[in-house]
Structure formats: C-alpha cells, structure tokens
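Fold and contact review
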Amino acid sequence: METTPVTDAPSSAGWTPDQPLVRLVDVRKSFGSLEVLKGVSMDVAKGEAICIIGPSGSGKSTLIRCINALVPIDSGTIRVEGQEVNDPDLDKLALRRKVGMVFQQYNLFPHRTALQNVMMAPVHVLKQDKAEVEARARTLMAKVRLADKENAYPGELSGGQQQRVAIARALAMRPDVMLFDEVTAALDPETVKEVLVTIRELAEEGMTCILVTHEMGFAREVADHIYFTDAGVIVEHGPPATFFTEPRDPRTRGFLSKIL
Amino acid sequence: MSEVFTAAPAARQKGDVLPVLLPFRAPAPRAWRWPRLRLVHLVGIVGALLLIGGGAFAQGGAPRLSALEVIWKWFPLLMSGFGFNILMSVLAMALGTVAGIGLGLLQIGENRFLRRLAWAATQFFRNAPWLVLLFFAMFMIPFQFRVFGYTIPFPDWVKAIIGFSLPVMANMSEILRGAVASLPSGQWEAAESLAFSRRQTLFMIILPQCVKRMLPPWMNLYSLITMATVQASIVGVSEMLTLTSQVHAAEGGRPDLLAPLYGFAMLCFFVYCYPIERFTLYLERRFQLNQ
C-alpha cells in the first residue's frame, strides 16, 4: 500500500525500475585509523528483501547507515534510484524521503504521542496537508496493529510497540526502501515476534528492505538474499536456501556453526 | 569457597527471595505539597525568635524598644527593601535567562567561530566571582545614555540588575548546552533520517525535551541569585541589607540589635528560598521517574 513511489519525488537521471534500487560499489569507510568498510559492493533490486548478517564489529551498522548518508563514506559510490549519495551537493531531503530507517533503540520522540510521531515528518518536512497525513498515519497505525495506542506517549508503550510505531513513522514518508538496523536486538524476547511479523508483511507487499539482523530464522524465512560480512568485507552472499545449507567460505561456516 | 555456595541456598529455603530477584518498582512520585512544619522547623523558628527577642530580656530598660518592637516599627521599610531584592532577582533572572538561551544556542550552533566565542563568554562569566561582575557592571556602565536627544537614566539598581544577569546568562548558557548534550544521540539520528533540518530538529525535537531537564537547575540558579542580590548593598543600592544597617544606625547603633536585625533579614530570605528549593527537589524526583 505504501510502497508505490511518490510521483512528485525528484526523479533521478537515467534510473529505471529494472536497475538496482540501491547500488553500492567499492564503498570504503574509516573511523580514524580503523577501516570499518574495506570495499563493499552490493546490489538491491526493487522489491527485494536482503539481510546482512555477521559478527559484531564487522561493519554491518555502518554499512546500512551509509545508505541514507547518516555516515559519510570515504570512497566508492552509493546510488539510491540513481541518486549519488557520496556527493558533496547531495540533496539530503530527496534522499531521505526515499530511504526510511528504523533503529535498534526505536528513537521515538518521547514528548509526542505515537500518532504525532508518525505525522511529524510528513507535515513539517514534506509540508503535506495535515488532514491527509493524519488519515495516512491512522492507516499506518492500524497496519502495525496499534490503532488503539495512537494517543499513547512512547514511554507508555512496550519496546515492541515502540518499534512498530517507529516503523510506521518511517513508512509515513512513503519511502522506496526501508533500512532496519538490528531492530529486534533491544527487545524482550516475547515482543520480537510482533515486530518481525510487521516487517515480513512489508517485505511481502513488495517493499524493498535492507535488514541488519541477528535473527537467523527470520533471515532465512524472509530474505531474498543474504550477505555475510566479516571485518569490513562481504565474505559471501547468496539466496538463503544455499547460503545456510552450503556455505562455501570457512568464515561463514565458522559463524553459522556458532549461532545455529 | 564451598561455604559461599552452600550458604546462599540455605538462606533462600526460608522462603524469602533474593533481593536481586524482586522486580524493581520505583516509588510512585508524591504529589507536591508545601513543606510541612516539623519539629526541626519549629526549633529553628523559636530559636530565631529568641535571638530576635533575646535583647529585650537582657536590657529591659524603660525607654528602649525591644528588638521585636524595633523590627515591627521598621517592618514596612525593611519589607520594601526585601521586595526590592526580589524585584532585582526576578529582573536579573529574566534578562539573564533570555541572554543565556541565546548564548547557549550559539554554543551548540553550526558556526564554528560563533560557537567558540559563545563558549569563551560562557566560561569567562561563569568563572568570575559574582561580586566582581557586579562591580564591573556598576563602574563600566555610564549612569545615563543619550539617544536621539533623549536621556535614558541608568540608576544604580538597573546597573546592579545587569551585573547580576551576567552570571545568570553564563550559567543558563551552560545549563542549555548540558541539557542538549544529555539527550541520546539517537534523537538527532532519527530526526536526520526523517529529513528534518538541523533547525527543525533543534526547535521541534531537541529543545522541547530539554525544558524539563533545564527547569530544576534553572530554579536552583534563581534561588542563588536571589540570595546574591544583597551584594548590591556594597554598591549602595537600597535593598534589604542596606536598609537593615540604616535601621540599626537610626536606633542608635545598639549592639544588642545587631543579631536580631540581621537575623530577621536572614529569616526573610530563608522563608522565600526554602520552598523554591523544596519544589526544585520535587521536580527533579518527578522528572527522574518520568524519563
């Protein structure tokens, strides 16, 4: 429902839907002397759900943050619908309305109600009509099964509920791709599932999703493609069927044997 | 070693749960109420009265007024002085708060030069004795300004207010900077990923959350500045302390009146500042629970 690209979004020159929606080529990033990304390349097609897995500190979160320019990269190219992210004259507004992001710590705005959290960006950033945004926000709250919590403040919601509001908040911008940065890592075990169900529904509706996750069962079930990162490089990638059953690289095998 | 391990289960057999296993329940915030009079307060008040009235019993001479009578006689004048202290504190606080918010915003702003300048000003005025700042204002500001043929007088008490507002400004600037820095960085990140501009993020998301955090230290600052206003007596403003010493002189400079008169001034400030202090404490506790 929210997956159709907005027609008035700035069209990027030369991009057609048959090309990768997100394309990373040889992306490098260092924090001081520590090189976190050592030449990462990947393509994400429209409507695809991909999972990035790997040990802690392997650069997964940095990688996903580069895509919406929360973290500037040192070299390489990142293109979202043809728009170059690593560009000094980057139109951040245009990029960020195309790319939604959900964080591990939810990061809802605690002084606003759930519904206001969802409405804020479309109203104040995109300057859309308030009544229209409110209707859309209510639909989204119902979609994440929180229609009865519209007027609750984030502090009154459980972790899983807050995370679903965060998903609705990102969707309210009508993004073309959603980034999920370990969104279930801070949740109580019993609320993990409700969030995963929401994400799976999104993926099934055709939303392009890029997930960093430790939920292997979920990755196997939902992802079209799995990327395994270790020490700043993509060691191996493939569809879940082959990735989990016939890992080729010894590092992948070592990682999988530890967690499965 | 083994004793340690066996001791714990033995203790638990009695049916009590280990404290760490109990669910943490924060105490419910208590509703605000005026500080109730307790024994300790009563002792203080009676002590103060004895101090004030003490002279009367000791002297007892026929034509001389007792300390309480002296205070009663000059009560309107002394209270007008105290009112002046409060007026100065309110105006200095208002001026300093507005200026301090401006300075604090510059401190967290994007312009590097202004940021450094604001930081330097904040540190300079924060680390100067308040009395020195008061002198600074008294002697650096002319007693009148001439603008377009109009003469705007700057009496001493106005200069004193400016002098007191300088430390308020610097402390307010630091309170604001601290409050903004204390918010989790995730708030900035979330706002950024939703394409909010820096200005929008600051005014719609960050600062509204900071008001709560800034209120207790701000009230604390007010309490401090109120008590500091008596320093204006040194530069000749007729506030309570000045008037108290004048009253003392008018009563012939009797040594037995010293303690009661100044004790009365002390009591006035205590009665005014103590509820503020209690209310600040209450707010702090409430906000901590609501985080």
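Residues numbered from 1 in each chain as written. Chains lettered and ligands numbered in written order. Predicted model: local features only at pLDDT ≥ 70, side-chain atom pairs only at ≥ 80, totals over all residues.

**Quick notes on the overall build of chain A**
Helix and strand counts for chain A stand at 9 helices and 10 strands. The C-alpha radius of gyration of chain A comes to 18 Å, within 12% of the 18 Å expected for a compact globule of 260 residues. By its C-alpha atoms, chain A is 55 × 45 × 35 Å across when sized along the principal axes. Split into buried and exposed, the 260 residues of chain A put 47% on the buried side. Of the contacts made within chain A by residues no fewer than 6 positions apart, 67% connect residues no fewer than 24 positions apart. (Helix = DSSP H or I, 4+ residues; strand = E, 2+ residues; numbered from the N terminus. Rg over C-alpha atoms; globule rule 2.2 N^0.38 Å. Buried ≥ 20, exposed ≤ 12 C-beta atoms within 10 Å, placed from the backbone. Contact = placed C-beta atoms within 7 Å.)

**Focus on the overall build of chain B**
From N to C terminus, chain B includes 10 helices and 2 strands. Considering only contacts within chain B whose residues lie at least 6 apart along the sequence, 73% involve residues at least 24 apart.

**Some words on the sheet that holds strand 9 (residues 225-230) of chain A**
All names here are of chain A. Spatial strand order, 6-7-8-3-9-10: 6 strands in an open sheet with mixed pairing. Two strands lie at the open edges of the sheet, namely strand 6 (99-102) and strand 10 (233-238), each paired on one side alone. The sheet shows a mean angle of 20 degrees between the axes of neighbouring strands, direction not considered. Pairing of strand 9 with strand 10 involves 5 bridges; the strand directions are antiparallel. Note that in strand 10 the partner of Y227 across the bridge is H237. Against the sheet, helix 6 (residues 189-204) makes contact with strand 3 (49-53), strand 7 (177-181) and strand 8 (208-212), and its axis sits at roughly 145 degrees relative to strand 8, the strand it touches most. (Pairing = 2+ DSSP bridges. Axes fitted to C-alpha atoms, helices over the stretch in contact; angles between N-to-C directions.)

**Observations concerning the pairing of strand 6 of chain A**
Residues and elements named next belong to chain A. Neither face of strand 6 is open: one carries V99 and M101, the other G100 and V102, and all of them are buried. In the sheet, strand 6 pairs with strand 7 via 4 bridges, with the strands oriented parallel. Within strand 7, the position partnered with G100 by the bridge is M178.

**Some details on the interface of chain A and chain B**
Contacts between chain A and chain B engage 17 residues on the former and 14 residues on the latter. Those elements giving two or more residues to the side of chain A that touches chain B turn out to be helix 2 (92-98) and helix 3 (114-124) of chain A. Counting residues per element, the side of chain A that touches chain B draws most heavily on helix 2 of chain A, at 4 residues.

**Here's the deal with the pairing of strand 2 (residues 34-44) of chain A**
Residues and elements named next belong to chain A. In the sheet, strand 1 (residues 22-31) pairs with strand 2 via 8 bridges, with the strands oriented antiparallel. Bridge assignment links L24 to a residue of strand 2, and that residue is M42. Taking the residues that link successive antiparallel strands as the turn, the strand 1-strand 2 hairpin has 2 residues, and the phi of G32 there is positive, at about 65 degrees.

**Some words on the packing of helix 4 (residues 112-126) of chain B against helix 6 (residues 156-182) of chain B**
Residues and elements named next belong to chain B. For the pair helix 4 and helix 6, the least separation of the axes is 8 Å and the interaxial angle reads 125 degrees. Taken as axis vectors, helix 4 and helix 6 run oblique relative to one another. The hand of the helix 4/helix 6 crossing is left-handed. Contacts between helix 4 and helix 6 involve A118, T122, F125 and R126 from the former and L166, P167, M169, A170, N171, S173 and E174 from the latter. Considered class by class, the residues forming the contact of helix 4 with helix 6 number 6 nonpolar, 3 polar and 2 charged. (Parallel < 35°, antiparallel > 145°, perpendicular 65-115°, else oblique. Left-handed = near helix turned anticlockwise from the far one by under 90°. Nonpolar A, V, L, I, M, F, W, Y, C, P; charged D, E, K, R; others polar.)

**So, the sheet that holds strand 1 of chain A**
Here 4 strands make up an open sheet; going across it, the order is 2-1-4-5 (chain A) and the pairing antiparallel. In this open sheet, the two strands that pair with only one neighbour each are strand 2 and strand 5 (83-84) of chain A.

**Here we look at helix 7 (residues 185-193) of chain B**
Of all the positions in helix 7 of chain B, only A190, A191 and S193 of chain B are classed as buried. Along the axis of helix 7 of chain B, the buried residues cluster in a sector spanning 165 degrees; they form a single face. In the core, the buried residues of helix 7 of chain B are packed alongside helix 2 and strand 6 of chain A together with helix 8 (198-228) of chain B. One or two positions beyond helix 7 of chain B, positive phi appears at A195 of chain B, with a value near 70 degrees. (Arc of directions from axis to C-beta.)

**What to know about the packing of helix 6 of chain B against helix 8 of chain B**
Residue and element names in this part refer to chain B. Close contact between helix 6 and helix 8 brings their axes to 9 Å; oriented N to C, the two are set at 150 degrees. One element, helix 6, and the other, helix 8, form an angle in the roughly antiparallel class. Handedness of the helix 6/helix 8 crossing: right-handed. Of helix 8, the residues touching helix 6 (which contributes F164, V168, N171, I175, L176, A179, V180 and S182) are I206, C210, R213, M214, P217, W218, L221, I225 and A228.

Any link to function would need more than the numbers given here.
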